[in-house]
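Structural features, examined
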Amino acid sequence: MKYSKIIIVVTLLLFQLGAAQEKADVVLNKAFKEAKAGNKNVLLVFHASWCKWCKTMEKNMDLPETKPVFNKRFVTAYVDVQERGDKKSLENPGGQELMNKYKGGNADFLSG
């Protein structure tokens, strides 16, 4: 019984780590599929844990006045990029390349 609890906890931790590292193109393709099914648009958000503008945007998207609008019209896909130090593992593989593809690489607020 004791070992089964340890195995469950370890499995959950590994699952969370794996989910945080989903490839950027997979995240985007899932969003496109969901958006098509719901006749919505995709809102692709490039995010970093240290980015104050990212947190402000998420907070504002979650307000009672705005959340219904976003939920009705968009499927939001979050891709983590430009993490630093020990948080580098939070990045979605291929995220920076996706950001560059959509010309997000020039965003001053994510560069420093």
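Residues numbered from 1 in each chain as written. Predicted model: local features only at pLDDT ≥ 70, side-chain atom pairs only at ≥ 80, totals over all residues. Heavy atoms only, no water.

1. A short note on the confidence of the model for the chain
Per-residue confidence for the chain gives a mean pLDDT of 83, with 75% of residues at or over 70. Long-range and interchain partners of residues 9-15, a stretch whose pLDDT sits below 50, account for zero contacts in this model, where long-range means more than four residues apart. (pLDDT = per-residue confidence, 0-100. Contact = heavy atoms within 4.5 Å.)

2. As for the layout of surface pockets
Reported here for the second largest pocket is a volume of approximately 150 Å³. The wall of the second largest pocket is formed by E58, M61, D62, K67, F70, N71, F74, T76 and Y78. By residue class, the composition of the lining of the second largest pocket is four nonpolar, two polar and three charged. (1 Å grid on protein atoms, 1.4 Å probe; cavity = no way out; pocket = protein on both sides within 12 Å on 5 of 7 lines; lining within 4 Å. Points joined across faces, edges and corners; volume = space filled by probe spheres on them. Nonpolar A, V, L, I, M, F, W, Y, C, P; charged D, E, K, R; others polar.)

3. A few points about the pattern of salt bridges
Summed over the entire model, instances satisfying the criterion amount to three salt bridges. Here E22 makes a salt bridge to K30, at a shortest N to O gap of 2.6 Å. Taking relative accessible area as the criterion, E22 reaches 24% and is therefore assigned partly exposed. A salt bridge links E91 to K88; the nearest nitrogen and oxygen atoms lie 3.0 Å apart. (Salt bridge = Lys/Arg side-chain N within 4 Å of Asp/Glu carboxyl O. Buried < 20%, exposed > 50% of the residue type's maximum accessible area, 1.4 Å probe, protein only.)

4. Comments concerning the packing of aromatic side chains
By the definition in use, this model includes one aromatic pair. Plain terms: the ring middles of F70 and F74 are 5.9 Å apart, the flat faces sit at 40° to each other, and that makes the pair tilted. Overall, the relative accessible area of 26% leaves F74 in the partly exposed class. One cation-aromatic arrangement involves R84 over W50; the distance from NZ or CZ to the ring centre is 3.9 Å. (Phe/Tyr/Trp six-rings, centres within 6.5 Å; stacked < 30°, edge-to-face > 60°. Lys NZ or Arg CZ within 6 Å of the ring centre and 35° of its normal.)

5. A word on the environment of W50
For W50, the position within the fold is in the loop between β1 (41-47) and α3 (52-61). The class for W50 is partly exposed, based on a relative accessible area of 24%. Between the alpha carbons of W50 and K87 there is a distance of 9.4 Å; along the sequence they are 37 residues apart. (Helix = DSSP H or I, 4+ residues; strand = E, 2+ residues; numbered from the N terminus.)

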